[in-house]
Each structure stands twice: as C-alpha cells, then as structure tokens.
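Take a look at the letters that make up each chain.
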Amino acid sequence: MPTFRNAVVTIGTFDGVHMGHRQIIDKLVTEAKAIHGETVIITFHPHPRKIVSSTILGIRLINTLEEKIELLEQLGIDHLVVVPFTDAFANQEAEDYVKNFLVDKFHPHTIIIGYDHRFGRERKGDYLLLEKLASQFNYELMEIPKHVLDEIAISSTKVREALLEGRIAVADKLLGYEFFFSGVVVHGDKLGRELGYPTANLKVLDEEKIIPGNGIYATYADLVSPQKEPAPSLTPETSYSRMKGMMSIGFRPTVDGKKRVIEVNLFDFNKDIYGQTLRVYLRKYLRGEQKFNGLDALKEQLAKDKIAAQAALEATS
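Residues numbered from 1 in each chain as written. Predicted model: local features only at pLDDT ≥ 70, side-chain atom pairs only at ≥ 80, totals over all residues. Heavy atoms only, no water.

Regarding helix 10 (residues 295-316)
Part 1 of the argument: Spanning 22 residues, helix 10 covers 31 Å between terminal C-alpha atoms, matching the ideal 32 Å at 1.5 Å per step.
Part 2 of the argument: Taken together, the buried positions of helix 10 are occupied by Leu298, Gln301, Leu302, Asp305, Ala309, Ala312 and Leu313. Around the axis of helix 10, the buried residues are gathered within 110° of arc, so they sit on the same side. Exposed side chains of helix 10 directed beyond 90 degrees from the buried face belong to Asp296, Glu300, Ile307, Glu314 and Ala315.
Part 3 of the argument: Where helix 10 is buried, its residues touch helix 9 (191-195), strand 8 (215-223), strand 9 (243-250) and strand 11 (277-287). (Helix = DSSP H or I, 4+ residues; strand = E, 2+ residues; numbered from the N terminus. Expected span 1.5 Å × (residues − 1). Buried < 20%, exposed > 50% of the residue type's maximum accessible area, 1.4 Å probe, protein only. Arc of directions from axis to C-beta. Contact = heavy atoms within 4.5 Å.)

Digging into the pairing of strand 2 (residues 38-45)
Part 1 of the argument: Most of strand 2 is tucked away: seven of the eight residues are buried.
Part 2 of the argument: Both strand 1 (residues 7-11) and strand 2 contribute to a ladder of five bridges, which runs parallel. Note that in strand 2 the partner of Val9 across the bridge is Val40.
Part 3 of the argument: Inspection of the sheet shows strand 2 paired to strand 3 (residues 79-84) by six bridges, in the parallel sense. The partner of Phe44 across the bridge, within strand 3, is Val83. (Pairing = 2+ DSSP bridges.)

Let's talk about the packing of helix 7 (residues 146-164) against helix 8 (residues 168-175)
For any two helices packed against each other, one specifies the crossing angle of their axes together with the interaxial distance.
Part 1 of the argument: Across the interface, helix 7 lies against helix 8 with an axial gap of 8 Å and an inter-helix angle of 155°. Considering their axes alone, helix 7 and helix 8 lie roughly antiparallel with respect to each other. In the packing of helix 7 onto helix 8, the handedness of the crossing is left-handed. On helix 8, the residues that touch Ser155, Lys158, Val159, Ala162 and Leu163 of helix 7 are Ile168, Val170, Ala171, Leu174 and Leu175. (Axes fitted to C-alpha atoms, helices over the stretch in contact; angles between N-to-C directions. Parallel < 35°, antiparallel > 145°, perpendicular 65-115°, else oblique. Left-handed = near helix turned anticlockwise from the far one by under 90°.)

Let's talk about the packing of aromatic side chains
Part 1 of the argument: Going through the model one piece at a time under the given rule, you end up with 13 aromatic pairs.
Part 2 of the argument: Taken together, the aromatic side chains of Phe4, Phe44, Phe85, Phe89, Tyr97, Phe101, Phe106 and Phe119 make up a single cluster linked through ring pairs.
Part 3 of the argument: Directly above the ring of Phe180 sits Lys209, whose terminal nitrogen or CZ lies 5.6 Å from the centroid.
Part 4 of the argument: In this structure, Arg242 is placed above the aromatic ring of Tyr281, and the distance from its NZ or CZ to the ring centre is 5.5 Å. (Phe/Tyr/Trp six-rings, centres within 6.5 Å; stacked < 30°, edge-to-face > 60°. Lys NZ or Arg CZ within 6 Å of the ring centre and 35° of its normal.)

Considering the environment of Ile25
Part 1 of the argument: Tracing the sequence through the fold places Ile25 in helix 1 (residues 19-34).
Part 2 of the argument: In this structure Ile25 comes out as buried when scored by relative accessible area, which is 2%.
Part 3 of the argument: Each C-alpha atom of the pair Ile25 and Thr86 lies 26 Å from the other, and the pair is 61 residues apart in sequence.
Part 4 of the argument: Residues contacting Ile25, with those up to four places away along its chain left out, are Phe14, Val17, Ile41, Leu72, Leu75 and Ile77.

Structural notes on the pattern of salt bridges
Part 1 of the argument: Applying the stated criterion across every chain, the model contains 17 salt bridges.
Part 2 of the argument: A salt bridge links Glu93 to Arg121; its shortest N-O distance comes to 2.9 Å. Here the residue Glu93 occupies a position in the loop between helix 4 (87-90) and helix 5 (94-106), and Arg121 occupies one in the loop between strand 4 (108-114) and helix 6 (127-137), the gap between them amounting to 28 residues.
Part 3 of the argument: Take Arg121: its relative accessible area is 36%, and that puts it in the partly exposed class.
Part 4 of the argument: The salt bridge involving Lys146 is made with Asp150; its shortest N-O contact spans 2.7 Å. Residue Lys146 and its partner Asp150 are located together in helix 7, separated by four residues, close to a single helical turn.
Part 5 of the argument: According to the relative accessible area criterion, Lys146 is partly exposed, its value standing at 46%.
Part 6 of the argument: Each of Asp172, Glu178, Arg242 and Arg283 takes part in salt bridges that share partners, so that together they form one network. (Salt bridge = Lys/Arg side-chain N within 4 Å of Asp/Glu carboxyl O.)

Focus: the sheet that holds strand 6 (residues 180-186)
What holds strands together in a sheet is hydrogen bonding between their backbones, with the strands either parallel or antiparallel.
Part 1 of the argument: Reading around the circumference, 6-7-10-9-8-11 is the order of the six strands in this closed barrel, with antiparallel pairing throughout. The sheet shows a mean angle of 45° between the axes of neighbouring strands, taken without regard to direction.
Part 2 of the argument: Where strand 6 meets strand 11, five bridges bridge the pair, whose relative direction is antiparallel. In the sheet register, Val184 faces strand 11, and the bridge partner there is Thr277.

Printed below as a string of structure tokens:
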C-alpha cells in the first residue's frame, strides 16, 4: 500500500461514474487542493451486494472494474484503491474497520462519506461511529447529504432503464459521456457475410456488465487491442477508431435464433479481427428486433438500416 499525503478519502462503488457522482468527486478534489493533499477513492470488488446480500441475481453494472478505473483516472483522481470485498472483510468489527483499515492504511486527513454509509459486521458501523472516533484518530469528517445520495441512486437507476429501453441520448446525458461496452470478436455462423453485411460477433467477458436492450443501433467502434497481438490483416500504423457501423442485439428471430447475440457490422471494413477486442459506442437506437419473412426481406431491411445508421452517425459526428 502506498503512503498518501494528506489523504482526502471517500468510499463507494461509483458504478457508472456518472454526473451524480461528479458532485462528490468535485468536493474531493476541492478539499484535497485546499490542503495540498491527495484524492483517494476506495471502491470494492466484487460488488459488496454479492457478498452481504442473498439476492445477488440481477446485478447489472454500468461499468466493469477496468472501465471504472479508466473513467476515474480521466477525472483526475490521484488514487483509486480497489479492495477485494470478502466475507472476512465484511464481517470485521466496525471499530476494527476504522482503525485497521481506514486509519492504518490511509492515514486520512479528511473522510467524505454519505450519511447512510454502513460498514463492519452486521453493518453496525455508521456515520455516528466515524464521528465519535474522529478526534481519537485525528481526521476530519464531512457528510455527503441525503439529497446528493438520492440523486446518485436515481441517476444510476435511470441510466440502466434508459439503456435497456434504447434511450441512448438520455443515458449519455446522465452519464456525462458516451455509454460503451467491449467484447472479444468470436466466430459466428457467417450469415451476415452471406447477406453482404459481415458482422463481428462479440462475446462480452464480464457477465455483470449491462447490455442495452434488443434492437438495431447506429454505433461507433474502436479496435482496442491490435497493439497487443495484432491480427495479421491489420495495418499497424492505421488507427482503427471511431469506425462507423450498425449493431444488432437479440435472438435473430428470422433464423429462429435460440441465444442472444451481439453483432456489429462495420462499414467499409473487411479485415480478420477474430480474438481482438472491440469497444462499441452506441449513438442511436434505430428499431426493435423483428422477424422477417425470409432472408431476402431481412437483407432488404438491412440496407435500410445501414442508410438510417449512416444518417444518425452523420448527424452526431
């Protein structure tokens, strides 16, 4: 564990790193600057609900851990400390959490924390305990008010709902950035190629990452891993970013698909990228998933989808 200079610390999951979270992050940065200190965000992995709750099914996270790290770094946070959240960690006595974890490891100058923050065995530790121990351990305590925390919870829910309903502009506005997800390009059944619309079939590795609702979308995509193990067909000096395309998420009812698949058709791109990672940014939901009367009708619709996607991408570029 590194040593921190005048650490200004906050604790939370920060899923989405959205506009609601910015109020806390801004406060953290302002306080740290005032005392020539360093900002520290403590977050947990896996999500604490997986350890302390019996109702873990259905956790859908806006960000993977890697995405969260990247987004917080962009906001100028000095230190993001990812703590493995285990049964043992969850079940330590609340006072031990404060002394052995917060104080001994971070030596905080200031702790900025929600009024409803709970910690330790049976979640007995709270803001009042932190307040009681503040003079003993020589830290200042600042409360994140209820209305800010309510706003964050509401924003997180609204982002998830918007993504599942295809309301991409709403999600992006709440996030303060373009929603994205990544997947490894895997082999599909090559149907898109037969229809004249070759697709990159994506396997999303983090099963907790939220995937938008079924339908057809206008997208941009970045090839984010050619530098690691470049595919033979890729040109090293070429930038494979902001590639325009369209994406289908769903069960492909026209061919009686049985499993949900994510397929991206990149316009003006025809290279072998199996095993590479594609990061997809959603620009616009174009239509819902439909069952067509045969492959010819599907092909005809794909031509219309491409025109609609190009128009949407032109309007936002």
